[in-house]
Amino acid sequence: LPVLELILMLFCIIATIELLNMYDKEKKIPIPVKILTIVLTMMLYFSIVNSFDICKNSLICQFLQSIKVNRIFEPTLILLSVLIALMTCLIFVPNFETSDLGKLFIAIIYVGVCVAAFTILRYYGVRFLIYLLLVSVFTDICALVCGLTLGKHKMAPAISPKKTWEGAIGGTTIAIIIGCLFIFFYPELASGLKLGSKIDFFN
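These notes cover the structure that comes with them.

## Digging into the overall build of the chain
If you tally the helices and strands in the chain, you get 7 helices and 2 strands. Reading the chain from its N end, one meets helices and strands in the order α-α-α-α-α-α-β-β-α. Overall, the chain is about 55 × 45 × 25 Å in size when its C-alpha atoms are taken along their principal axes. By residue count, 33% of the 203 residues in the chain fall in the buried class. Looking at the chain alone, contacts between residues at least 24 apart form 60% of all its contacts between residues at least 6 apart. Element-wise, carbon and sulfur atoms account for 73% of the exposed surface of the chain, whose accessible area totals about 12,600 Å². Across the chain, the centroid of the 16 positively charged side chains sits 3 Å from that of the 12 negatively charged ones.

## Some thoughts on the pairing of strand E2 (residues 160-164)
Relative to E2, strand E1 (residues 154-156) runs antiparallel, the two sharing 2 bridges. Across the sheet, residue Lys154 finds its bridge partner in E2, namely Thr164. Connecting E1 to the next strand, E2, in antiparallel fashion are 3 residues.

Definitions and limits used
- Residues numbered from 1 in each chain as written.
- Predicted model: local features only at pLDDT ≥ 70, side-chain atom pairs only at ≥ 80, totals over all residues.
- Heavy atoms only, no water.
- Helix = DSSP H or I, 4+ residues; strand = E, 2+ residues; numbered from the N terminus.
- Buried < 20%, exposed > 50% of the residue type's maximum accessible area, 1.4 Å probe, protein only.
- Contact = heavy atoms within 4.5 Å.
- Areas by Shrake-Rupley, 256 points an atom, 1.4 Å probe, with all protein chains shown as cover.
- Lys, Arg positive; Asp, Glu negative; His and termini not counted.
- Charge placed at Lys NZ, Arg CZ, Asp CG, Glu CD.
- Pairing = 2+ DSSP bridges.

Fair warning: the whole summary comes from geometry, so function is off the table for now.
Quick look at the structure:
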């Protein structure tokens, strides 16, 4: 778990940088604003994990306790801090506009919440991560296969020319079936592969 948490922290930073690089293609974002965005994303990530009792033994919660800020590191307060910090950029950063604020706010929410959710799921049980990865992978693979073999009706040609309705429906349907099969057969898998002490998927 500690190793996974460190990897996820690194992933959170890298994902934020990648989004900022995407925004750079339209309009250059100053380095100090990029650094601020990364810091705010990590703060949101930490605050969400800190708000779940099941994660109380995590590196994040232990770190926040060690510096005695765990009680004030709440998602609502951090979100407010994010907005105040970004609004401050409107005043002090040249050419920083409300559209830039919106992009950075979305990046912070998107990365912070997603990585926090992944971390929290691991503390609830590895079975939830396996389920998440199974559904995600099979959705993409089966959508590609169904789209290539059956796809005739374009979904959004301007955004993604190769995506089709047949691919989307096929990928979603097969992923649902795979997910249901995993839940149904999880007791046998858990005992056979030693995935954990709890062999009931939902408990």
